[in-house]
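A structural walkthrough
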Amino acid sequence: MSRAIYEISYKMKKELYRKITRSALIILSTLIIINLILSFVIFPVRTGSDSMEPDIPAGAFEFVTPLFTSPDRGDVILLNDAAEEETSFFQKIANSFCHFVTFGQWKPFDADSYFAAPHIRRVIGLPGDTIYLDRYDVYIMPEGENHFLTEFELTHSAYNISFVDVPPDWDMTLGTKGVTEKITLGDDEYFVLGDNRTASSDSRLWGTVSEDSILGTVILQYFPFSKFRLF
């Protein structure tokens, strides 16, 4: 009798171990799949400033896909955070681990991060363009063309910009410039701007960006719900 009870108990333990192992494998596989999706297909970001107002307010949440890193004119892109390059090897390991277990939502050594450390900006100038600003209006002459057009005449994307109507004697070459000299973009140079033209850090301050700096393209804004839109 005791032997039969022992065998039953042994079989029950084996079955319990199998269930625990199966459950652990399912959970681990789910974590891996979710993180692969968040790393290579689509991931959420939170806009931390008012640089892209009015269409993308501070605190808005967007989905970004890393599948498209060769942007078109008018696309909204996520740029690499320069601070990430300054972290040590062990901090990067810790960031990667926490990024994995929190489904891409937190990095302990990325002080500005919340879902990510995004610099979301709009692509205004493409390689080969000649571009300049005059009182915050952007004028572009694409490569091979002979005359300038405004950004809205050249893009198929519908978006709004905002800027403060400054006094006539205001020096627009200071800060977030409203007036710039003409520049011609090189083979791997993109000119990016925030939609809030008087309160954005962008190519007017840090210069052009390369394709390597682009982490992905914004495809959907899902919060606030009143601002829900596809890009």
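See above for the structure.
In this report, we go over the structure that sits alongside the text. Everything numeric in this text was worked out from a predicted model, so none of it was measured.

The rules behind these values
- Residues numbered from 1 in each chain as written.
- Predicted model: local features only at pLDDT ≥ 70, side-chain atom pairs only at ≥ 80, totals over all residues.
- Heavy atoms only, no water.
- Helix = DSSP H or I, 4+ residues; strand = E, 2+ residues; numbered from the N terminus.
- Buried < 20%, exposed > 50% of the residue type's maximum accessible area, 1.4 Å probe, protein only.
- Areas by Shrake-Rupley, 256 points an atom, 1.4 Å probe, with all protein chains shown as cover.
- Patch = residues over 30% accessible without salt bridge, like charges linked within 9 Å, V, L, I, M, F, W, Y side chains within 5 Å.
- Salt bridge = Lys/Arg side-chain N within 4 Å of Asp/Glu carboxyl O.
- Lys, Arg positive; Asp, Glu negative; His and termini not counted.
- Charge placed at Lys NZ, Arg CZ, Asp CG, Glu CD.
- Pairing = 2+ DSSP bridges.
- Phe/Tyr/Trp six-rings, centres within 6.5 Å; stacked < 30°, edge-to-face > 60°.

In this section: the overall build of the protein chain. Looking only at helices and strands, the protein chain features 4 helices and 11 strands. Each of the 231 residues in the protein chain was classed as buried or not, and the buried ones make up 35%. Carbon and sulfur atoms make up 61% of the accessible area of the protein chain, which totals about 13700 Å².

Here we take up a negative patch on the surface. Together, Glu143, Asp187, Asp188 and Asp212 make up a region of like negative charge exposed at the surface. Inspection of the secondary structure puts aspartate 212 in the loop between helix H4 (203-206) and strand S10 (214-223). The exposure class assigned to aspartate 212 is exposed, which follows from its relative accessible area of 72%.

For the rest of this paragraph, the subject is the pairing of strand S5 (residues 130-134). For S5, the tally of buried residues reaches 4 of 5 residues, placing the bulk of the element in the interior. In this sheet, strand S6 (residues 137-141) lies alongside S5 in antiparallel orientation, the contact comprising 5 bridges. By the bridge assignment for S6, tyrosine 132 is matched with tyrosine 139. Joining the antiparallel neighbours S5 and S6 is a turn of 2 residues, in which arginine 135 adopts a positive phi near 50°. Pairing of S5 with strand S8 (residues 183-184) involves 2 bridges; the strand directions are antiparallel. In the strand pairing of S8, threonine 130 is matched with threonine 184.

Glancing now at the sheet that holds strand S7 (residues 149-150). The sheet built from 4 strands is open, its strands ordered S7-S6-S5-S8 with antiparallel pairing. The two strands at the open ends of the sheet, each matched to only one other strand, are S7 and S8.

Once that is clear, we can look at the pattern of salt bridges. Oppositely charged side chains can form a pair if their charged atoms are brought close together. The tally for this structure, following the rule as stated, stands at 6 salt bridges. Among the ionic pairs, arginine 204 bridges to aspartate 202, the shortest N-O distance being 2.9 Å. A residue is classified by how much of its surface remains accessible, and aspartate 202, at 0% relative accessible area, is buried.

Another aspect to go through is the packing of aromatic side chains. Per the counting criterion, the structure on display carries 7 aromatic pairs. Between tyrosine 132 and tyrosine 139 the ring centres are 5.2 Å apart and the planes differ by 20°, which places this aromatic pair in the stacked class. The partly exposed category is assigned to tyrosine 139, whose relative accessible area is 23%. With centroids separated by 5.1 Å and ring planes inclined at 80°, the aromatic side chains of tyrosine 132 and phenylalanine 148 adopt a geometry described as edge-to-face. In this pair, tyrosine 132 sits in strand S5 while phenylalanine 148 sits in the loop between S6 and S7, placing the two residues 16 residues apart along the sequence.

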